[in-house]
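Residue-level listing of the chains:
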Amino acid sequence: MPEITEQSSLVDVAAIVSDALDRAGITATLSGGSAVTIYSDNAYLSRDLDFVTAAMIADFEPVLTDLGFERTVVPRLSQFAHPKVEWYVEFPPAPLSFGHLEVSPADCAKIELPVGTLRIITATQSVMDRLAAAYAWKDEQSRDQAFLVAAAQDIDWEALRTWFVNEGETEHEYQRFKDAVDSRKRAQGRT
């Protein structure tokens, strides 16, 4: 099993944790800001790794302990830190959802890396996740993160359009977002 070292990147740590959890029979899907970091090629830098799971702390804590993580003294009971890396790991409870849309972990992505297999939300789901946060909390940073992912990745625009409508947003708001992403891609030389 690969070790977490001072040289481990965020994606390496995520894959090592994901792979270890999967081998222990625990389904946990990387979501949130760390997915943005991965899908935006580090244009946004997250400080934590959010693995959404239905597993109990008693189930995943031994797996994390074997990897060198320790539960933090922060009031959040499902937060773990590793002495060799700056990122901490958290376990928001399932279900995995983006606004009103619940998603099965089976409908997410798996990325094969040299250190292990990473279960992660798709790039399109990451855009939905960040936009849901932007709308719920009036958070411009989350909206900017959605732009970063949509500009850097191939997005399923029809799925995103359906999501917008189901979330109560207008076709105009969807088109405004898509046009802004297209404009950003042109400015970056990506068409």
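Throughout what follows, the structure given in this document is the object of discussion.

Reading the values: rules and limits
- Residues numbered from 1 in each chain as written.
- Predicted model: local features only at pLDDT ≥ 70, side-chain atom pairs only at ≥ 80, totals over all residues.
- Heavy atoms only, no water.
- Helix = DSSP H or I, 4+ residues; strand = E, 2+ residues; numbered from the N terminus.
- Rg over C-alpha atoms; globule rule 2.2 N^0.38 Å.
- Buried < 20%, exposed > 50% of the residue type's maximum accessible area, 1.4 Å probe, protein only.
- Contact = heavy atoms within 4.5 Å.
- Areas by Shrake-Rupley, 256 points an atom, 1.4 Å probe, with all protein chains shown as cover.
- Lys, Arg positive; Asp, Glu negative; His and termini not counted.
- Charge placed at Lys NZ, Arg CZ, Asp CG, Glu CD.
- 1 Å grid on protein atoms, 1.4 Å probe; cavity = no way out; pocket = protein on both sides within 12 Å on 5 of 7 lines; lining within 4 Å.
- Points joined across faces, edges and corners; volume = space filled by probe spheres on them.
- Nonpolar A, V, L, I, M, F, W, Y, C, P; charged D, E, K, R; others polar.
- Axes fitted to C-alpha atoms, helices over the stretch in contact; angles between N-to-C directions.
- Parallel < 35°, antiparallel > 145°, perpendicular 65-115°, else oblique.
- Left-handed = near helix turned anticlockwise from the far one by under 90°.

When its secondary structure is counted, the protein shows seven helices and nine strands. Computed over C-alpha atoms, the radius of gyration of the protein comes to 17 Å, within 12% of the 16 Å expected from 2.2 N^0.38 for 191 residues, which places it in the range of a compact globule. Along the first, second and third principal axes, the C-alpha atoms of the protein reach 50 × 35 × 30 Å. Expressed as a percentage of the 191 residues in the protein, the buried residues total 48%. Of the contacts formed within the protein by residues at least 6 apart in sequence, a portion of 62% connects residues at least 24 apart. Total accessible area on the protein is roughly 9600 Å²; 50% of this is exposed by carbon and sulfur atoms. Computing the positive centroid from 17 side-chain charges and the negative centroid from 30, the protein places the two 5 Å apart.

Take the environment of serine 142 next. As for its position among the elements, serine 142 is in helix H5 (residues 140-152). For serine 142, a relative accessible area of 3% puts it in the buried group. Remark: the alpha-carbon pair of serine 142 and tyrosine 39, spanning 103 residues in sequence, is separated by 14 Å. When neighbours within four sequence positions are excluded, serine 142 is seen to be in contact with Arg130, Ala133 and Ala134.

A few words on unusual backbone geometry. The peptide bond linking alanine 94 to proline 95 adopts the cis configuration, its omega dihedral lying at 15 degrees. With respect to the helices and strands, the residue proline 95 is situated in the loop between strand S5 (88-90) and strand S6 (96-98). Even without being a glycine, asparagine 42 presents a positive backbone phi close to 70 degrees. When you line up the elements, asparagine 42 lands in the loop between helix H2 (32-39) and strand S2 (48-53).

Here the largest pocket defines a volume of roughly 380 Å³. What lines the largest pocket is a set of 26 residues, among which Gly32, Asp50, Pro92, Asp129 and Arg130 lie closest to the centre. At the level of elements, H2, S2, S6, helix H4 (123-137) and H5 are the ones that each hand at least two residues to the lining of the largest pocket. Among the residues making up the lining of the largest pocket, the classes are represented as twelve nonpolar, eight polar and six charged.

Before going further, it helps to spend a moment on the packing of H4 against helix H6 (residues 157-166). Where H4 contacts H6, the axes come no closer than 10 Å and their chain directions differ by 25 degrees. Judged by the inter-axis angle, H4 sits roughly parallel to H6. Between H4 and H6 the crossing geometry is right-handed. Here H4 contributes Thr124, Val127, Met128, Leu131, Ala132 and Tyr135 to the contact with H6, which in turn contributes Ala159, Leu160, Trp163 and Phe164. Classifying every residue of the contact of H4 with H6 by side-chain character gives nine nonpolar, one polar and no charged.

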